[in-house]
Amino acid sequence: MNPIVYAIPVFMMTVLLEAWVAHRKGKAIYDIPDAITSLHHGVLSQITGAFTKIVAFAIYVAVYENYRATQWPTDQLWLWVLALILYDFLYYWFHRMGHEVNLIWASHVVHHSSEYYNLSTALRQTSTGFLFAWIFYLPLAILGVPPVMVATVALIDLLYQYWVHTELIGRLGFLDRLLVTPSNHRVHHGQNDYCIDKNYGGIFIIWDRLFGTFAEEREGEKIYYGIRKPLRSFNPVWGNLHYYVDLWNAALKLKGWRAKLGIWLAPPAGWTLEPIEHFEPEKFERFTAKISLSLRGYVLLQYAVLVPFIMHFLASVDKLSVVQSGLYALAIAVGTFSLGGVLEGTAWSRRLEIVRVFGLGIVFVALENWFGFVAPLPLKIVFLLTCLLSGGWFLFISRNIKTPAVQEKIA
Ligand SMILES: [Zn+2]
Ligand SMILES: [Zn+2]
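Small disclaimer: the values here were computed from a predicted structure and weren't measured.

About the thresholds
Residues numbered from 1 in each chain as written. Chains lettered and ligands numbered in written order. Predicted model: local features only at pLDDT ≥ 70, side-chain atom pairs only at ≥ 80, totals over all residues. Heavy atoms only, no water. Donors = N, O, S within 2.8 Å, 3.2 Å for Na, K, Ca; no water. Helix = DSSP H or I, 4+ residues; strand = E, 2+ residues; numbered from the N terminus. Buried < 20%, exposed > 50% of the residue type's maximum accessible area, 1.4 Å probe, protein only. Domains from an automatic or database assignment. Contact = heavy atoms within 4.5 Å. Buried area = accessible area lost by both parts, 1.4 Å probe. Tetrahedral: all angles 85-135°; square planar, octahedral: opposite > 155°, others 65-115°. Salt bridge = Lys/Arg side-chain N within 4 Å of Asp/Glu carboxyl O. Expected span 1.5 Å × (residues − 1). Arc of directions from axis to C-beta. Core = buried A, V, L, I, M, F, W, Y, C linked by side-chain atoms within 4.5 Å. Polar contact = N/O pair within 3.5 Å; in protein donor to acceptor, adjacent residues only side chain to side chain. Axes fitted to C-alpha atoms, helices over the stretch in contact; angles between N-to-C directions. Parallel < 35°, antiparallel > 145°, perpendicular 65-115°, else oblique. Left-handed = near helix turned anticlockwise from the far one by under 90°. Nonpolar A, V, L, I, M, F, W, Y, C, P; charged D, E, K, R; others polar.

A look at the coordination of the zinc ion (ligand 1)
Those protein atoms acting as donors to the zinc ion (ligand 1) are His 95 (NE2), His 99 (NE2), His 108 (NE2), His 112 (NE2) and His 188 (NE2), and they sit at 2.1 Å. Here the donor residues for the zinc ion (ligand 1) map to a single chain with the spacing H-x3-H-x8-H-x3-H-x75-H. Taken as an interatomic distance, the gap from the zinc ion (ligand 1) to the zinc ion (ligand 2) is 5.9 Å. Residue His 108 and its partner His 112 are located together in helix H4 (residues 102–112), separated by 4 residues, close to a single helical turn. We note that His 108, like His 112, is buried.

Notes on the domain arrangement of the chain
The domain boundaries assigned to the chain delineate domain 1 (4–211) and domain 2 (290–409). Between domain 1 and domain 2, the C-alpha centre-to-centre distance is 28 Å. Facing 18 residues of domain 1, the contacting portion of domain 2 comprises 20 residues. Here domain 1 meets domain 2 over a buried area of about 1,700 Å², counting both sides, of which 86% is carbon and sulfur.

Considering the coordination of the zinc ion (ligand 2)
In the first shell of the zinc ion (ligand 2), the protein supplies His 111 (NE2), His 165 (NE2), His 185 (NE2) and His 189 (NE2), at 2.0 to 2.1 Å from the metal. Classification of the site at the zinc ion (ligand 2) as irregular follows from its 4 donor atoms and the range of 95 to 158° in their angles at the metal. The motif formed by the donor residues of the zinc ion (ligand 2), counted along the single chain, is H-x53-H-x19-H-x3-H. Look at His 165 and you get buried, because its relative accessible area is 2%.

Remarks on the pattern of salt bridges
Here the idea is simple: oppositely charged side chains can pair when their charged atoms come close. In this structure the tally under the stated criterion is 12 salt bridges. Of the charged contacts in the structure, one is a salt bridge between Lys 283 and Glu 280, with a shortest N-O distance of 3.7 Å. Under the relative-accessibility criterion, Lys 283 is labelled exposed at 60%. With its nearest N and O atoms 2.9 Å apart, the salt bridge here joins Arg 356 to Glu 353. Of this pair, Arg 356 and Glu 353 are both found in helix H15 (residues 347–366), 3 residues apart, which corresponds to roughly one turn of the helix. Accessibility assignment for this pair places Arg 356 and Glu 353 in one class, buried. What emerges from the salt-bridge pattern is a single network uniting Arg 171, Asp 176, Glu 216 and Glu 219.

Let's talk about helix H16 (residues 377–397)
End to end, H16 covers 30 Å across 21 residues, agreeing with the expected 30 Å (1.5 Å per residue, within 8%). Within the span of H16, buried status applies to Lys 380, Phe 383, Cys 387, Ser 390, Gly 391, Phe 394 and Ile 397. Down the axis, H16 shows its buried residues gathered within 140° of arc, on one side only. Exposed and facing more than 90 degrees away from the buried side of H16 are Leu 377, Pro 378, Val 382, Leu 389 and Phe 396. Buried-residue contacts for H16 involve helix H13 (293–316), helix H14 (322–344) and H15.

Focus on the nonpolar core
Membership of the largest hydrophobic core comes to 50 residues, with the highest contact counts inside it found for Met 12, Phe 309, Phe 313, Tyr 328 and Ile 332. Looking at this core, the elements with two or more residues in it are helix H1 (4–24), helix H2 (32–67), helix H5 (119–122), strand E1 (285–289), H13, H14, H15 and H16. Residue contributions to this core peak at 11 residues, all from H13. When we break this core down by domain, the ones giving at least three residues each are domain 1 (4–211) and domain 2 (290–409). Apart from the residues lying within four places of it in its own chain, the contact partners of Tyr 328 are Phe 309, His 312, Phe 313, Leu 320, Trp 370 and Phe 371. Membership of the second largest hydrophobic core comes to 43 residues, among which are Tyr 91, Tyr 92, Tyr 200 and Leu 247.

Here we look at the side chain of His 188
Here His 188 is to be found in helix H9 (residues 182–189). Reaching out from His 188, the side chain makes a polar contact with the side chain of His 99 at a distance of 3.1 Å. Discounting residues that sit within four places of it in the chain, His 188 has contacts with His 95, His 99, His 108, His 112, Lys 198, Asn 199 and Tyr 200.

Observations concerning the environment of Ile 354
For Ile 354, the location among the structural elements is in helix H15. Put simply, Ile 354 and Leu 388 are 34 residues apart on the chain and 9.9 Å apart in space, counted from C-alpha to C-alpha.

Structural notes on unusual backbone geometry
In this structure, Asn 199 is a non-glycine residue whose phi angle is positive, near 55°. Position of Asn 199 among the secondary structure elements: in the loop between H9 and helix H10 (206–211). For Asn 199, a relative accessible area of 1% translates into the label buried. Positive phi is not limited to glycine here, since Arg 232 has a value of about 50°. You can see Arg 232 is positioned in the loop between H10 and helix H11 (236–253). What makes Arg 232 partly exposed here is its relative accessible area of 41%.

Points about the packing of H13 against H16
Packing of H13 against H16 leaves a shortest axis separation of 10 Å and a crossing angle of 155°. On the basis of their axis angle, the class for H13 and H16 is roughly antiparallel. Note that H13 runs across H16; the crossing there is left-handed. Contact residues: Ser 294, Leu 295, Gly 297, Tyr 298, Leu 301, Gln 302, Val 305 and Phe 309 in H13; Phe 383, Thr 386, Ser 390, Trp 393, Phe 394 and Ile 397 in H16. Looking at side-chain class alone, the contact of H13 with H16 contains 9 nonpolar, 5 polar and no charged residues.

Written as structure tokens, this is what we have:
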């Protein structure tokens, strides 16, 4: 069973808790369109991961079976700790290359595209990480770290990084020097000049201190989150593709094969020793959308409806045929795409969302077996009513859906 299935309720509850605490403290660290977009990216990432992780894992196992120098026993705790430290070291380099090589940045940029910083930002994960990540961990296979061990420490490394995405926890003294903490990961997400290409660590910040990429959070200098060329979209599919498209277009314009290929390996700022362009906070405007309270409520409700489906998909994908899992994944992905369009106030998304929400209700009730799940009649009735009533509500509240997205100054 995919352990993320168990983590999802914890993620949802802690996001709500953080939003509530921030609200009580009068801190505007959440924006519903932004947070939902982050969660949608997380959904797409999990769905694509369900299809691709198996390939990365198979490659690891093949290298481990054929080329390992030795074999680590799994009954000694210190070896598990060592595996975690080694994994984190390799994660540092993978993450660093994710910022210093265009092709890998195109994948990792997803995680940085939110201009807010909260627990939902942690879930804004890429859907194309499978393209490169596995390469960086193959040294562990050669060293003889068993697949079960590497899968476990990879999960620990990933889950650890969740809690550091918050503005509610301040400096933590000596922990900030040893571990990746909210303070030094805030720096990693910053656009301020001093934040660029700093603090790549996963669990341990010592790698940054060793390899010269550490920066301490500056007191009295507000951090502006996000990327220098802002995403300005709530569409999670575009959120995953925009930088690949930028690179493709830039490559087309360049003359000569060397330049055309070289741009994919160049750093995002280009092959230059010049310092990165100065960031001017006065000019920075955060992206959001002035959508009505009722549409916000609708999108939140539909996301809540989507969550059990995602959990069921992740829990049952192994038992489904390729066609079934592909269809199920598509149904969920269309949900994130459609709701993203609703947040952007596009006319096409209104039509798509109407078809989606009514269609989902009808198909769920009509099918005797929903991808391996036989729903009891009361659940079918409740679900159908939810879809019909919320669909009717949506028809009413989305009459004037054209809501232009806006840029807002941060006080
Ligand atoms: Zn990063
Ligand atoms: Zn992060």
